[in-house]
Amino acid sequence: MHFVRVTGQRTALAVVALFAVSLITFWAVELLPGDAATRMLGREATPERVASFREQMNLNAPAVERYTTWITGFVQGDWGESLVQARPKTEGAPAGRINRSVTDIIAPRLTNTLELAAFALVMYVPLSLAIGIVTAVYRDRTFAAGLSTLVILGCAVPDFVIAIFLLVIFAVALEWFPPLSLVDQAESFGAQLRMMTLPAVTLTAAMTGFAVRQMQASLLSVLNSDYVQFATLKGLPRRRVLLLHALPNALGPALRATVINVVWLVGGVVLVEVVFTYPGIGLLLLDALRLLDTPVILASTMILASVYVLCNLGADLVAAALNPRLRTG
Amino acid sequence: MAAGTMTPAPAGDAATGGPAANGGEPLVRVDDLTVDYRNDDQWVSVVKDVSFSIGRGETLGLAGESGCGKTTTALAMFGYNKAGSRVAGGRVTFDGRDLLGLSDRQMQPIRGARISLVPQNPASTLTPSMKVGRQVVETLEGHGVSSGGDAMDRTVELFGQVGLPEPAEIARRYPHQLSGGQQQRVVIAIAIACRPDLIVLDEPTTALDVTTQARLLDLLTHIKDESGMSALYVSHNLGVLEQICDRVAVMYAGELIEIAPTAELFNRPRHPYTRGLIAAVPRVEAEHAGTEKLRGLLRRDDLPDGCGFAPRCPYSRPQCFTDPQRLDEIEPSHEVACWRAPDLEAEAAP
């Protein structure tokens, strides 16, 4: 009833937001100087070649028409073809270029990025929860203060600095990990994990600080609450008070922090992928932007934006599930 | 002593094997309790040298304005310091044991089982994420009183006892689904679940509307009469204390300034502050109409070395600002911390 209505409203809003993202992205790419033909063929290309490329790729059509064609296809699941990436098999075929479909290009890249994000999240969630709880519960001890200082340091240092720092120490000086994370060329799962470690650690380090501080703050306020005091004065064991009375009520704000982090991941992953040459969707987006490959740019942007929108939607629903006040109305 | 000490005894039973119920060792003795709070880098005493006792089956009222140290004193019964506070001195002896020397772990079997609390604000006292029935069950189970289905049955029974309608149904609800009065009844059910010897009531009705207040006071009086447990009733509302307490202690700026049996205190208040407090109680019959009402507010940052009340006292003399006042028994079981009390008595007489 109330819950269902709110869910419906949120979903409708999410669709509107995604539509707006596609519009803005398309027109932003239009505004950039040049097009795929000039970027792809370079300065030496003859005007005839450029013209025939534009003809082939339908780049001469008015922008509104090209956008309409794209969005119509997109909502039906047809994400179009890349303007610049040829399909490998048809190289010698005379009947013009047949380009790779955007879906084929994006799928492996998205898988790589999701694997990297999952790796980072697997480290991040228990780490930030544990550090957050320990620093809040043992706030009077010296080691907790030391840990908090480290966390603030992690918050303050930008992620690309962490990335370069890790590269210099662990890849260049110690040679424990490869400097390039070319996971598509990894021979074994172990090798792939090794390639993913440094980028994943970078992402984890960048996310953990913020989440720990949220967890700390919310747990501290809950630990000082009347109900935790009452549970203690009921004579319950400290562990029970912590696990059943304090934690469930402190997780809400920490969950929001995780959502903000996952959303941050959407952008952070682009930077980290570039530093480590990790073949994910971030690197793909950057390459596509260089060549003004509009369908790939649009599809990548839409995926990243969906993650953003879905995470916010999901967090609201999970928060509602955790909080009986919101659940039962 | 052996078997009787661990099981809470009904009224009168306390005498078995020990000294007589009223004349003998009281259940609680507080001696020179001093509690400090950290204020920036300094420790400030919020409770200073407070001493009182509570007999078995007796209800002691603790009165005073907000910020006078009532709640801090009440929490000291649990050997509990809020974050940023410390016990700087004194003893709290409960049934022969000094509680302030015990660790949290040692206090655990006493808290909730032998001494229980009903705090001020029911809306924030119950854990929001847990059904209220479970919050009672875990108390029963935690103290080994009963477990499983028995604990749930006992919970429903307790809910009936505190006057909750449809107790089985209410046990399945979350705190936010109950009214303030119902929440406080749940808290009272938790407080009496293990049949404690002492129940500490910290402004238990202040956050509720007047009708609910009256019903809860009736309930508390009833429970006390039935169970015979001792109570420490903390309130700023003298009218409430007059109804429910055997004796009343009055606190000002962290110190006890007067303590007497209820009727005696209300009929012959000796400390100027107590007089002011009583005069401030709204009444139909204007018997204290002539008494000075209280002026000003308690200012912790502006206390003289002598009597803390001196700046607001209509009878203060220069000495009041310099000479500390100690509780002094001016009549059997009536103690006052005011050197001018005898003069004032004479002044009021004609």
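Being a predicted model, the structure only gives us computed values, none of them experimental. (Residues numbered from 1 in each chain as written. Chains lettered and ligands numbered in written order. Predicted model: local features only at pLDDT ≥ 70, side-chain atom pairs only at ≥ 80, totals over all residues.)

Novice: Lay out the overall build of chain A with the relevant residues and their values.
Specialist: Looking only at helices and strands, chain A has 13 helices and 2 strands in total. Along the first, second and third principal axes, the C-alpha set of chain A runs to 85 × 60 × 35 Å. Relative to all contacts within chain A whose residues are 6 or more apart in sequence, the contacts with residues 24 or more apart total 68%. (Helix = DSSP H or I, 4+ residues; strand = E, 2+ residues; numbered from the N terminus. Contact = placed C-beta atoms within 7 Å.)

Novice: Describe in detail the domain arrangement of chain B, supporting the description with residues and values.
Specialist: Many structure descriptions define interface size as the accessible area lost when the parts assemble. All names here are of chain B. The domain boundaries assigned to chain B delineate domain 1 (24-245) and domain 2 (271-348). Placing the centre of domain 1 and that of domain 2 at their C-alpha centroids yields a distance of 29 Å. Each partner contributes residues to the interface: domain 1 has 6 residues there, and domain 2 has 5 residues. In terms of residue class, the side of domain 1 that touches domain 2 is made up of 3 nonpolar, 2 polar and 1 charged. (Domains from an automatic or database assignment. Nonpolar A, V, L, I, M, F, W, Y, C, P; charged D, E, K, R; others polar.)

Novice: How would you summarise the nonpolar core if you had to cite specific residues and measurements?
Specialist: Ranked by internal contacts, the top residues of the largest apolar core, which has 150 residues, are Met 77, Ala 189, Leu 198 and Leu 232 of chain B. Look past the residues within four positions of Leu 232 of chain B in its chain and what remains in contact with it is Ile 54, Leu 60, Leu 62, Ala 74, Met 77, Leu 198, Val 200 and Leu 201 of chain B. One finds Phe 53, Leu 83, Val 84 and Leu 292 of chain A within the second-largest nonpolar core, a separate group that totals 7 residues. (Core = buried A, V, L, I, M, F, W, Y, C linked by C-beta atoms within 7 Å. Buried ≥ 20, exposed ≤ 12 C-beta atoms within 10 Å, placed from the backbone.)

Novice: Tell me about the environment of Glu 329 of chain B, and please be specific about residues and values.
Specialist: Residues and elements named next belong to chain B. In this structure, Glu 329 sits in strand 11 (residues 328-331). Taking the C-beta count within 10 Å as the criterion, Glu 329 has 11 such neighbours and is therefore assigned exposed. Those residues in contact with Glu 329, other than ones at most four positions away along the chain, are His 334 and Glu 335.

Novice: An account of the pairing of strand 1 (residues 81-86) of chain A is requested, with residue identities and associated values reported.
Specialist: Residue and element names in this part refer to chain A. Here strand 1 lies mainly inside the structure; 5 of its 6 residues are buried. With 2 bridges connecting them, strand 1 and strand 2 (residues 99-101) associate as antiparallel partners. Considered in strand 2, the bridge of Glu 81 is made with Ser 101. (Pairing = 2+ DSSP bridges.)

Novice: Pulling in residues and values, what's your account of helix 11 (residues 272-280) of chain B?
Specialist: Burial analysis of helix 11 of chain B places 7 of its 9 residues in the buried class, the great majority of the element. Here helix 11 of chain B has its buried residues at Pro 272, Tyr 273, Thr 274, Arg 275, Gly 276, Leu 277 and Ile 278 of chain B.

Novice: Give me the sheet that holds strand 4 (residues 85-94) of chain B: which residues, what numbers.
Specialist: Residues and elements named next belong to chain B. Here we have 4 strands laid out as an open sheet, ordered 2-1-4-5, and antiparallel in their pairing. Among the strands making up the open sheet, the edge pair consists of strand 2 (42-54) and strand 5 (97-98). Pairing of strand 1 (residues 28-39) with strand 2 involves 9 bridges; the strand directions are antiparallel. Among the inter-strand pairings, Asn 39 is bridged to a residue of strand 2, identified as Gln 42.

Novice: I'd like a rundown of the interface of chain A and chain B, residues and numbers included.
Specialist: Between chain A and chain B, the residue contacts involve 19 residues of the former and 28 residues of the latter. Put simply, the parts of the chain that give the side of chain A that touches chain B at least two residues each are helix 9 (226-233), helix 10 (238-276) and helix 13 (324-328) of chain A. Looking at the side of chain A that touches chain B, its residues break down into 9 nonpolar, 6 polar and 4 charged.

Novice: Report on the domain arrangement of chain A, specifying residues and quantitative values.
Specialist: Residue and element names in this part refer to chain A. We note that the domain assignment places domain 1 (2-103) and domain 2 (108-328) within chain A. Put simply, the middle of domain 1 and the middle of domain 2, counted by C-alpha atoms, are 32 Å apart. Every contact between the two is made by 26 residues of domain 1 and, on the other side, 18 residues of domain 2. Put simply, the parts of the chain that give the side of domain 1 that touches domain 2 at least two residues each are helix 1 (2-31), helix 2 (36-41) and strand 1. When residues in the side of domain 1 that touches domain 2 are grouped by element, the largest group, 12 residues, is from helix 1. A class-by-class count of the residues in the side of domain 1 that touches domain 2 yields 15 nonpolar, 7 polar and 4 charged.

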